[in-house]
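# Chains, contacts and geometry: an overview
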Amino acid sequence: MMKAMILAAGRGKRMRPLTDALPKPLLAAGRRRLIDWSLDGLYKAGIREAVVNIAHLADTFEPILGHERGGMHIEYSREGNCYEESLETLGGIVKALPMLTDGREPFIVVAGDIVSDYDFSSLIARRDSLLSGLAVAHLVLVPNPGFHPEGDMGLLNGRITCRPKAYTYSSIGLFSPEIFKNRPVRFEKLFPWLYGFVEKGLVSGELYTGYWGNIGTPQDLAALEEKERENHLSSK
């Protein structure tokens, strides 16, 4: 059964001072914590097991999230006790690999600080293309947001391209474990490393134009809380 990894080991510097007391994924806006958006979306798509990597304020996660959450089983990949001991995106995935897959089954990776209505079942539907070797990863892109107008990559005929940088990586993707085998467990980012596979035409992608947000500052969090409050009132 496919599993998912939620990246939650970061420091959240732009969110300080709030992240001096809690890791950014555990910050709440309205009735939901940021990490709940990914957990809820994954569960809705049928994912029942998630691995959360932790480092900054690592001891705060388990008391809040636990190991069972409404039918979702949660395990933790502990990289250390503080951000300085974290492994970044690529290193974190490599360390958690034995918890995520039998060595063949693709897995989902999503950042713990994004909020979105993206349907994760779209990724599950890409499973066979990764198992067959038609792609080694499938990335979800979004239109370039105001805070990142320079973009990350392009999309042509369902394949990720390095240029033009017309879109931004949403921090949602499906990955084959094959590309992470024999990688060292060390502090290393997923990009630019993954661009090597993009240049070989091995990374597929899709453009998502629905609701998506990267909650990076206290102002972003306050705006999300107001949006959640309005949605709650309108649903009554």
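Shown above is the structure to which this text applies.
Just so you know, the residues in each chain are numbered from 1, in the order the chain's sequence is written. Only residues with pLDDT of at least 70 are given local features in this predicted model, and only at 80 or more are side-chain atom pairs given and counted; all residues enter the totals for whole chains, interfaces and linings. Based on all heavy atoms of the structure, the side-chain values leave hydrogens and waters out of the count.

### Notes on helix H1 (residues 34–44)
Residue burial is assigned from relative accessible area. The probe radius is 1.4 Å, only protein chains are included, and a residue is buried under 20% of its type maximum, exposed over 50%, and partly exposed in between. Per the convention used, a helix needs a DSSP run of H or I reaching at least four residues, while a strand needs a run of E reaching at least two, with both numbered from the N terminus. Across the eleven residues that make up H1, a large majority, eight, are buried. The set of residues buried in H1 consists of Leu34, Ile35, Asp36, Trp37, Ser38, Leu39, Gly41 and Leu42. Of the residues flanking the end of H1, it is Gly46, one or two places downstream, whose phi is positive at about 105 degrees.

### Here's the deal with helix H3 (residues 88–100)
Under the 1.5 Å per step criterion, the end-to-end length of H3 is 17 Å for 13 residues, consistent within 8% with the ideal 18 Å. Those residues of H3 that sit buried are Leu90, Gly91, Gly92, Ile93, Val94, Ala96, Leu97 and Leu100. Tucked inside the fold, the buried residues of H3 contact strand S1 (4–7), strand S4 (49–54), strand S6 (72–78) and strand S7 (107–111). The span you would expect from a helix comes to 1.5 Å times its residue count less one. Only heavy atoms matter for contacts: two residues are in contact if any of them lie within 4.5 Å across the pair.

### Quick notes on the nonpolar core
As used in this record, nonpolar core signifies buried Ala, Val, Leu, Ile, Met, Phe, Trp, Tyr and Cys residues forming a set joined through side-chain atoms within 4.5 Å. Core analysis: the largest hydrophobic core is formed by 34 residues, its most contacted members being Leu42, Val52, Ile108 and Phe120. Breaking this core down by element, the ones donating at least two residues are S1, H1, S4, helix H2 (61–65), S6, S7, strand S9 (137–143) and strand S12 (167–175). Dropping the residues within four chain positions of it, Leu42 is found in contact with Ala4, Ile6, Ile47, Met72, Ile108, Val110 and Phe120. One finds Leu7, Val51, Tyr169 and Ile179 within the second-largest nonpolar core, a separate group that totals 29 residues.

### Examining the packing of aromatic side chains
Side-chain rings of Phe, Tyr and Trp, where Trp is taken by its six-membered ring, are said to pair if the distance between their centres is within 6.5 Å; with planes under 30 degrees apart they count as stacked, over 60 as edge-to-face, and otherwise as tilted. Per the counting criterion, the structure on display carries nine aromatic pairs. Here Tyr169 and Phe191 contribute two aromatic rings whose centre-to-centre distance is 5.4 Å and whose plane-to-plane angle is 65 degrees, an arrangement assigned as edge-to-face. Taken together, the residues Tyr169 in strand S12 and Phe191 in the loop between S12 and helix H6 (195–199) connect sequence positions 22 residues apart. Take Tyr169 and Phe191: they sit in the same class, and that class is buried. Ring-pair connections join several aromatic residues into one group, and the members of that group are Phe107, Phe175, Phe180, Trp193 and Phe197. Charge-over-ring placement is defined geometrically: NZ (Lys) or CZ (Arg) within 6 Å of the ring centre, and within 35 degrees of the ring normal. We note Lys227 situated over the ring of Tyr211; from NZ or CZ to the ring centre the distance is 4.2 Å.

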